[in-house]
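Residues per chain, in single letters:
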Amino acid sequence: MTSPAPQQETFRTLLRSQKVWDTELPAFDAARAPARAPAEPLPLFHAWFAEAVAAGQPEPHTMQLATVAEDGGPDVRTVMLHDADGHGWHFATHASSVKGRQLAARPEAALHFYWAAQGRQIRVRGAVTIAPHAESLADLRARSTGALAAALVGRQSDVLGSYEELEASSAAAWERARAEPDADAPTWTLYVLDPVEVEFFQGDARRRHVRLRYRRGEEGDGWVRELLWP
């Protein structure tokens with residue numbers, strides 16, 4: 001058996017020296033009594049999000065979005081949360097993008113939030129629907145000029161011939177976004193994930209992590225709360 005290359009060994013040493021949750025972690029009351037948690041997941045998500053912001057978690061509104069690729073395999077990327085309400089978890093992208101096409105072919109997805117400041121994760125899984133275009137535009141216009149400019153550039157995931165082409169398209173889009181703050185972006189689409197499962201993970205320094213899962217009842221009209229082994 002050959003020895004690993006020096007570069008590989010350096011990487012492994014660096015990797016294994018990294019600390020996990022080098023901070024005091026909060027307790028989670030659901031550890032001993034799941035019934036103490038809210039009857040449905042949305043209020044707990046709102047509370048944990050506020051606590052992540054208060055704890056200084058960078059970009060707590062970013063999340064991983066997993067979809068099913070054309071070949072049937074998984075695909076994942078980081079996107080931004082636009083809302084979380086009684087309809088579900090909202091995110092947006094171009095319908096013509098890779099993830100947009102994947103969602104059109106198989107409208108289901110999973111979301112993942114990781115908030116290292118408190119050793120917390122949240123996983124959300126369910127069916128995805130498309131909001132009316134008027135809602136998509138209203139969501140886009142509520143954001144920044146840069147967000148509108150990016151949406152106007154379009155062509156997300158297409159092969160880029162040169163960076164100069166992107167610079168030119170971006171400059172034109174910024175100019176239009178400033179001149180026309182109500183401009184339409186035809187392919188920009190707001191998606192809503194209606195969850196069937198939501199899991200809240202609270203890390204523990206002794207690896208006795210608390211995992212509280214909400215899953216839809218058999219009739220789909222309520223939530224079952226249960227603890228999972230870490």
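Small disclaimer: the values here were computed from a predicted structure and weren't measured.

**Q** Before we move on, could you go through the overall build of the protein chain and cite the residues and values that matter?
**A** Counting its regular elements, the protein chain contains 6 helices and 9 strands. Taking the principal axes of its C-alpha atoms as reference, the protein chain extends roughly 60 × 55 × 40 Å. Taking all 230 residues of the protein chain together, 36% fall into the buried category. Considering only contacts in the protein chain between residues 6 or more positions apart, those separated by 24 or more positions represent 63%. Carbon together with sulfur atoms contributes 53% to the accessible area of the protein chain, which is approximately 13800 Å² in total.

**Q** Give a description of the side chain of His 90 that names residues and reports values.
**A** With respect to the element layout, His 90 can be found in strand β4 (residues 88-94). Looking at His 90, its side chain comes within polar contact range of the main-chain oxygen of Gly 88, at 3.5 Å. His 90 has contacts with Met 63, Met 80, Leu 81, His 82, Asp 83, Ala 84, Asp 85, Leu 190, Tyr 191 and Val 192, leaving out every residue within four places of it along the chain.

**Q** How would you sum up helix α5 (residues 145-153)? Please name residues and give values.
**A** For α5, the complete set of buried residues consists of Ala 147, Leu 148, Ala 149 and Ala 151. Structurally, α5 contributes buried residues whose contacts are with β4, α4 (133-141), α6 (163-179) and β7 (188-202). Note on α5: the residue one or two positions beyond its end, Gly 154, has a positive phi of about 65°.

**Q** Would you mind going over the packing of α5 against α6 in detail, with residue names and values included?
**A** A pair of packed helices is captured by two measures, namely the crossing angle of their axes and the spacing between those axes. Relative orientation of the contacting elements α5 and α6 amounts to 125°, with a least axis distance of 8 Å. The angle between α5 and α6 places the two elements in the oblique class. Of the two possible hands of crossing, α5 and α6 adopt the one that is right-handed. From α5, Thr 145, Gly 146, Leu 148, Ala 149, Leu 152 and Val 153 reach across to α6, where they touch Leu 166, Ser 169, Ser 170, Ala 173, Trp 174, Arg 176, Ala 177 and Arg 178. Counted by class, the contact of α5 with α6 contains 8 nonpolar, 4 polar and 2 charged residues.

**Q** Lay out the pairing of strand β5 (residues 108-115) with the relevant residues and their values.
**A** The alternating pattern of β5 places Ala 109, Leu 111, Phe 113 and Trp 115 on a buried face and Glu 108, Ala 110, His 112 and Tyr 114 on a face that is not buried. Pairing analysis gives 3 bridges linking strand β1 (residues 62-68) to β5, with the strands arranged antiparallel. Considered in β5, the bridge of Gln 64 is made with His 112. Linking β5 back to strand β6 (residues 120-130) in an antiparallel pair, the connection comprises 4 residues, with Gly 119 at a positive phi of about 65°.

**Q** Tell me about the nonpolar core, and name the residues and values.
**A** Taken as a class, soluble globular proteins show a tendency for nonpolar side chains to be buried jointly. Phe 45, Trp 89, Ile 122 and Phe 200 are the most contacted members of the largest nonpolar core, which has 31 residues in total. Secondary-structure elements contributing two or more residues to this core are α2 (41-54), β1, β4, β5, β6, β7 and β8 (210-216). Among the elements that take part in this core, α2 stands out by supplying 5 residues, more than any other. Dropping the residues within four chain positions of it, Phe 200 is found in contact with Phe 28, Pro 41, Leu 44, Phe 45, Trp 48, Gln 121, Ile 122, Val 210, Arg 211, Leu 212 and Tyr 214. Core analysis: the next-biggest nonpolar cluster, separate from the first, contains 12 residues, Ala 92, Leu 140, Ala 147 and Ala 149 among them.

**Q** With reference to specific residues and values, describe the pattern of salt bridges.
**A** If you walk through the whole model with that rule in mind, you get 14 salt bridges. A salt bridge links Glu 226 to Arg 213; the shortest N-O distance between them is 2.7 Å. Placement of the pair is Glu 226 in strand β9 (residues 223-228) and Arg 213 in strand β8, with a sequence separation of 13 residues. Assessed through its relative accessible area of 17%, Glu 226 is described here as buried. Of the residues examined, Arg 213 reaches a relative accessible area of 22% and is grouped as partly exposed.

**Q** Quick rundown of a nonpolar patch on the surface? Include the residues and the values.
**A** A contiguous nonpolar surface patch, about 290 Å² in accessible area, is contributed by Leu 160, Tyr 163 and Leu 166. By the element assignment, Leu 166 lies in helix α6. Given a relative accessible area of 31%, Leu 166 falls into the partly exposed group.

Cut-offs applied
- Here, residues in each chain are numbered from 1, in the same order as that chain's written sequence.
- Totals for whole chains, interfaces and linings use all residues, but because this is a predicted model, local features are given only for residues with pLDDT of at least 70 and pairs of side-chain atoms are given and counted only at 80 or more.
- Think of the side-chain values as coming from all heavy atoms in the structure, minus any hydrogens and water.
- Counting from the N terminus, the helices are the DSSP runs of H or I reaching at least four residues and the strands are the DSSP runs of E reaching at least two.
- Exposed residues in this analysis have more than 50% of their type's maximum accessible area, buried residues have under 20%, and partly exposed residues fall in between, with area computed by a 1.4 Å probe over protein chains only.
- Working rule for contacts: check all heavy atoms of both residues, and any pair within 4.5 Å makes them a contact.
- Note on areas: Shrake-Rupley, 1.4 Å probe, and residue coverage restricted to the protein chains presented here.
- Any pair of N or O atoms that falls within 3.5 Å is considered a polar contact. Within protein, one atom must be able to donate a hydrogen and the other to accept it, and sequence-neighbouring residues count only if both atoms are side-chain atoms.
- Note on geometry: axes are C-alpha line fits, over the in-contact stretch for helices, and angles between N-to-C directions span 0 to 180 degrees.
- Roughly parallel refers to an angle under 35 degrees, roughly antiparallel to one over 145, roughly perpendicular to one between 65 and 115, and oblique to any angle outside these ranges.
- The handedness criterion is simple: a crossing whose near helix is rotated anticlockwise from the far helix by less than a right angle is left-handed, and one whose near helix is rotated clockwise is right-handed.
- Under the convention adopted here, Pro, Cys and the residues Ala, Val, Leu, Ile, Met, Phe, Trp and Tyr are nonpolar, Asp, Glu, Lys and Arg are charged, and Gly plus all remaining residues are polar.
- Should DSSP find at least two bridges between two strands, the strands are taken to pair.
- By convention a nonpolar core is built from buried Ala, Val, Leu, Ile, Met, Phe, Trp, Tyr and Cys residues, the set being connected through side-chain atoms within 4.5 Å.
- Any Lys or Arg side-chain nitrogen located within 4 Å of an Asp or Glu carboxyl oxygen qualifies as a salt bridge.
- For patches, a residue must show more than 30% relative accessible area and have no salt bridge; joins then use 9 Å for like charges and 5 Å for nonpolar side chains, namely Val, Leu, Ile, Met, Phe, Trp and Tyr.

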